[in-house]
Every structure is written in C-alpha cells, then in structure tokens.
Amino acid sequence: MTDFEEFHNRVPKRIIISGFVLAMLLDFMPFPFETFFWLPEFTALVLLYWALYKPQSVGVGTAFAVGLLADVGTAAPLGQHALSYMVMVFLVQQRQRQIMVHSHGIQAVAVLGALLCNQAVMVLVRLMHDHRFADWQGFAAPFVGALLWPLLSKVMLGLLNSRRLR
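Reading the values: rules and limits
Position labels on residues start from 1 in each chain and follow its written sequence. The model is predicted, so local features are restricted to residues of pLDDT at least 70 and side-chain atom pairs to those at 80 or more, both for listing and for counting; the totals for chains, interfaces and linings are taken over all residues. Think of the side-chain values as coming from all heavy atoms in the structure, minus any hydrogens and water. Numbering goes from the N terminus for both helices and strands, where a helix is a DSSP run of H or I of at least four residues and a strand is a run of E of at least two. When we talk radius of gyration, it's over C-alpha atoms, and the globule rule is simply 2.2 Å times the number of residues to the 0.38. Each residue is assigned to one of three classes by its accessible area relative to the maximum for its type, calculated with a 1.4 Å probe on protein chains only: buried under 20%, partly exposed between the two thresholds, exposed over 50%. Residue exposure ignores everything except the shown protein chains as possible cover, and the areas themselves are Shrake-Rupley values with a 1.4 Å probe. Neither His nor the chain ends is counted toward charge; the positive residues are Lys and Arg and the negative residues Asp and Glu. Just so you know, the charge point we use is NZ for Lys, CZ for Arg, CG for Asp and CD for Glu. Nine residue types can take part in a nonpolar core, namely buried Ala, Val, Leu, Ile, Met, Phe, Trp, Tyr and Cys, and a core is a set of them joined through side-chain atoms within 4.5 Å. Contacts are residue-level and defined by heavy atoms, with any inter-residue pair within 4.5 Å sufficient. An expected span of 1.5 Å times one less than the residue number is assigned to each helix. Think of it as the arc spanned by the lines of direction from the helix axis to the C-beta atoms. Stacked, tilted and edge-to-face pairs are distinguished by plane angle, under 30 degrees for stacked and over 60 for edge-to-face with tilted covering the rest, among Phe, Tyr and Trp rings (Trp via its six-membered ring) whose centres lie within 6.5 Å. Here an axis means a line fitted to C-alpha atoms, over the contact stretch when the element is a helix, while the angle between two N-to-C directions is reported on a 0 to 180 degree scale. Each angle receives one of four descriptions, namely roughly parallel if under 35 degrees, roughly antiparallel if over 145, roughly perpendicular if within 65 to 115, and oblique otherwise. Put simply, a crossing is left-handed when the front helix is turned counterclockwise from the back one by less than a right angle, and right-handed when it is turned clockwise. One confidence number per residue, pLDDT, is output by the predictor and ranges from 0 to 100.

**Q** Is there a simple way to think about the overall build of the protein in this case?
**A** Helix and strand counts for the protein come out as 9 helices and 0 strands. Its helices and strands in sequence order give the protein the pattern α-α-α-α-α-α-α-α-α, from N to C terminus. At 16 Å, the protein has a C-alpha radius of gyration in line with the 15 Å of a compact globule built from 166 residues. When each of the 166 residues of the protein is scored for burial, the buried share is 40%. When the accessible surface of the protein is summed, it comes to about 9,300 Å², and 69% of that surface belongs to carbon and sulfur atoms. Considering the protein, the positive charge centre built from 12 side chains and the negative charge centre built from 9 side chains are found 12 Å apart.

Below, the structure written as structure tokens:
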C-alpha cells in the first residue's frame, strides 16, 4: 500500500459526510437555470472525488443513497439522480487505478466523460418522464465541472493535509 492510499484510508467518515452535505447545500440553492445553466453538480463532483480517492467507502451504493437525497432535495423524479450517479460511479470505478496514476489534467478528462455520462442519463430520464428535451445548455455544466476538478482535488488534499498535521 502506498503512502497516498494509506493517507486516504485514514479519512474519517464525518469528513466524507460533511463534504456531501456542503455539496448538496450548494446544489439545492434555487438558482434560475436560464442564468446559471453552467453551474456543475457539486454533489456529483464530490461523489467522483471520493469514488476515486476512497473507493472502498464510497461506491455504487453510496451513489444510490446520495442520488435519492439529491432527487428529494431538487424535487426531481425519484431515482433520476440515483440512476445517473450510480452509472457515473460504476464507470469511474472500473478504471479507478488507471485514472489515479495520471495528473489532475488527465483526470479532468476522465471526470468530463463521467459528468457527460451523468448528464446524458439525466436527459434520457427527463425525456422519458416529461417527453421533452431540456436543452443543450445543460451540457455546459460538465465542462465547467471538469475545469474545476484540479482545483477541487487540490483543495480537498489541502484540507485533509491540514487536518492530518493537527
């Protein structure tokens, strides 16, 4: 086991849960879609972070539970976020080791693919539920999320390092 894996194995569950709570609070803020269509799903980004860095604790089951909470919080059809998060986490964890050996820039490309897959599943569920296509503007958010990925990774590692030094 490397020092990196050992470092992330010692992260307490309350840190993971508080990250999800903060991300969900950001996602539940009522921003108008017409103005803030570019905002990424912060819950999906945090879910991807922990699915990559601590896959033994955050997996498809956690994605399902977090997705149901996101469905309830955003008044989406029950299971929409749960399904999209499960598919996203499953695909990322299939290649977790290969993604982790690359720099944050290459990881951002993998995160972009996962977020685009997440958005595609959500669009398909909405299409089947409402029989209408939302808009192509919704596909801008995954690109912003991928651009934020290196920043998120460095901030989370910095927070975990500062906690470790205390």
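Now, onward.
**Q** For this particular structure, what's the right way to read the nonpolar core?
**A** A general feature of soluble globular proteins is that nonpolar side chains tend to end up buried together. Within the largest apolar cluster, 33 residues are counted, with the highest numbers of intra-cluster contacts made by Trp50 and Trp149. Within the residue set of this core, elements represented by two or more residues are α2 (13-27), α4 (42-53), α5 (60-74), α6 (80-94), α7 (96-100), α8 (104-130) and α9 (141-165). Considering each element in turn, this core owes the most residues, 10 residues, to α4. Among residues more than four places away in sequence, those in contact with Trp149 are Leu45, Leu48, Tyr49, Leu52, Tyr53, His104, Gln107, Ala108 and Val111.

**Q** Can you walk me through the side chain of Gln80 in this structure?
**A** Its place among the elements puts Gln80 in helix α6. With sequence-adjacent residues up to four places away left out, Gln80 is seen in contact with Asp71, Met122, Val125 and Arg126.

**Q** What exactly am I supposed to notice about α2 here?
**A** It helps to recall that an α-helix has 3.6 residues per turn; residues three or four apart then point in one direction. With 15 residues, α2 should reach 21 Å at 1.5 Å per residue; the first-to-last C-alpha distance of 21 Å fits that figure. Turning to α2, its buried residues number three or more, namely Ile16, Gly19, Phe20, Ala23, Met24 and Asp27. One side of α2 carries all its buried residues, which in axial view fall inside an arc of 130°. Turned more than 90 degrees away from the buried face of α2, the exposed residues are Arg14, Ile17, Leu22 and Leu25. Looking at the packing, one finds that the buried side of α2 touches α4 and α5.

**Q** Just to check I follow, could you spell out the packing of aromatic side chains for this structure?
**A** Each aromatic ring pair is summarised here by two numbers: the centre-to-centre distance and the angle between the ring planes. One pass over the structure, following the stated rule, counts 5 aromatic pairs. Where Phe31 meets Phe36, the ring centres are 4.8 Å apart and the plane angle is 45°; that geometry is what we call tilted. Note on Tyr49 and Trp50: the rings are 5.0 Å apart at their centroids and 80° apart in plane angle, and the pair reads as edge-to-face. According to the relative accessible area criterion, Trp50 is buried, its value standing at 0%.

**Q** Can you walk me through the packing of α5 against α6 in this structure?
**A** When two helices pack together, you describe them by how their axes are tilted relative to each other and by the distance separating the axes. At a closest axis distance of 7 Å, the pairing of α5 and α6 adopts a crossing angle of 150°. Classified by the angle between their axes, α5 and α6 sit roughly antiparallel to one another. Here α5 runs over α6; the crossing is right-handed. Facing α5, whose interface residues are Val60, Ala63, Phe64, Val66, Gly67, Leu68, Ala70, Asp71 and Thr74, α6 presents Gln80, His81, Ala82, Tyr85, Met86, Val89, Phe90 and Gln93.

**Q** How should I be thinking about the confidence of the model for the protein in this particular structure?
**A** Keep in mind that low pLDDT regions are not for reading the predicted coordinates in detail. Chain-level pLDDT for the protein is 88 on average; 92% of the residues reach the 70-or-more range. Mean pLDDT across the elements of the protein ranges from a minimum in helix α1 (residues 3-9), with 57, to a maximum in α6, with 96.

**Q** Could you clarify how one ought to interpret α5 in this entry?
**A** Under the 1.5 Å per step criterion, the end-to-end length of α5 is 20 Å for 15 residues, consistent within 8% with the ideal 21 Å. Considering only its buried residues, α5 is in contact with α2, α4 and α6.

**Q** Explain the side chain of Asn118 to me, please; I cannot follow it from the model alone.
**A** With respect to the helices and strands, Asn118 occurs in helix α8. Here Asn118 falls in the buried class, since its relative accessible area comes to 2%. Setting aside chain neighbours within four positions, we find Asn118 in contact with Glu41, Ala44, Ser84, Tyr85 and Met88.

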